[in-house]
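Architecture and fold: a report
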Amino acid sequence: FQAEDGIRDRDVTGVQTWLFRSDAPLSGRDMRGADFQNANLSGASLDKANLGERPLEKRTLVTNFEDANLRKADLTGANLHLANFTSAYLRETNLTGADLSEAVLRNANLKGAVLVEANLKGATLEGAKLEDAKFCKTTMPDGVVNNSGC
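Notes on the structure follow. Remember, predicted model here, so these are calculated numbers, not experimental data.

This next bit is on the nonpolar core. Among the nonpolar cores identified, the biggest contains 28 residues, and Leu-80, Phe-85, Leu-90, Leu-95, Leu-100, Leu-105 and Leu-110 are the most heavily contacted of them. When sequence neighbours within four positions are dropped, the list of residues in contact with Leu-95 reads Leu-75, Leu-80, Leu-100, Leu-110, Val-114, Leu-115, Val-116 and Ala-118.

In the structure shown here, the tally under the stated rule is one aromatic pair. Pairing Phe-65 with Phe-85 gives two aromatic rings, centres 4.7 Å apart and planes at 0°, and the pair type is stacked. Placement of the pair is Phe-65 in the segment before strand S1 (138-139) and Phe-85 in the segment before S1, with a sequence separation of 20 residues. Just as Phe-65 is buried, Phe-85 falls in that class too.

As used here, a disulfide is simply a covalent bond connecting the sulfur atoms of two cysteines. The tally for this structure, following the rule as stated, stands at one disulfide. The partner cysteine of Cys-136 in its disulfide is Cys-150, sulfur to sulfur 2.0 Å. Disulfide Cys-136-Cys-150: torsion about the S-S bond near 105°, hence right-handed. Here Cys-136, found in the segment before S1, pairs with Cys-150, found in the segment after strand S2 (145-146); they are 14 residues apart in sequence, far enough to count as distant.

Following the sequence through the fold, Glu-117 ends up in the segment before S1. A C-alpha to C-alpha distance of 4.7 Å links Glu-117 and Gly-97, two positions 20 residues apart in sequence. In this structure, Glu-117 is in contact with Gly-97, Cys-136, Lys-137 and Thr-138, ignoring residues within four places of it in sequence.

Reading guide: rules and limits
- Residues numbered from 1 in each chain as written.
- Predicted model: local features only at pLDDT ≥ 70, side-chain atom pairs only at ≥ 80, totals over all residues.
- Heavy atoms only, no water.
- Core = buried A, V, L, I, M, F, W, Y, C linked by side-chain atoms within 4.5 Å.
- Buried < 20%, exposed > 50% of the residue type's maximum accessible area, 1.4 Å probe, protein only.
- Contact = heavy atoms within 4.5 Å.
- Phe/Tyr/Trp six-rings, centres within 6.5 Å; stacked < 30°, edge-to-face > 60°.
- Helix = DSSP H or I, 4+ residues; strand = E, 2+ residues; numbered from the N terminus.
- Disulfide = S-S within 2.5 Å.

That's the geometry; what it means functionally is another story.
In structure tokens:
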């Protein structure tokens with residue numbers, strides 16, 4: 001299955017194998033339950049895509065989202081442990097309950113992102129833009145819980 005071959009109008013829920021081009025048309029797609037383990041999505045446009053779902057909590061997504069556009073994407077409950085979001089555009093992204101432990105978010109734009117109950121323990125936030133991000137029961141990189149937005 002290749003993203004550039006007909007993903008435009010397909011429900012890709014549960015698809016296991018991904019071969020992506022950086023310009024694949026993934027915006028607004030329902031990709032709940034998809035397995036992105038070891039996928040390279042650098043530069044992909046995933047704005048308003050739904051990649052979240054509780055079953056992902058048991059999967060490890062060692063995935064490269066470097067320079068990806070994930071604006072307003074739904075990553076609720078996703079396991080993004082060790083994922084690379086360097087310079088990714090995550091503005092207004094829903095990361096409620098997401099595991100971002102040890103993820104690299106260097107220079108990522110997280111303005112207005114929802115990080116309620118997210119786990120950022122050990123994550124790299126150097127240069128990240130966090131203005132207007134919502135923190136509530138959020139475990140920060142140093143392990144301290146941030147309740148500033150509750």
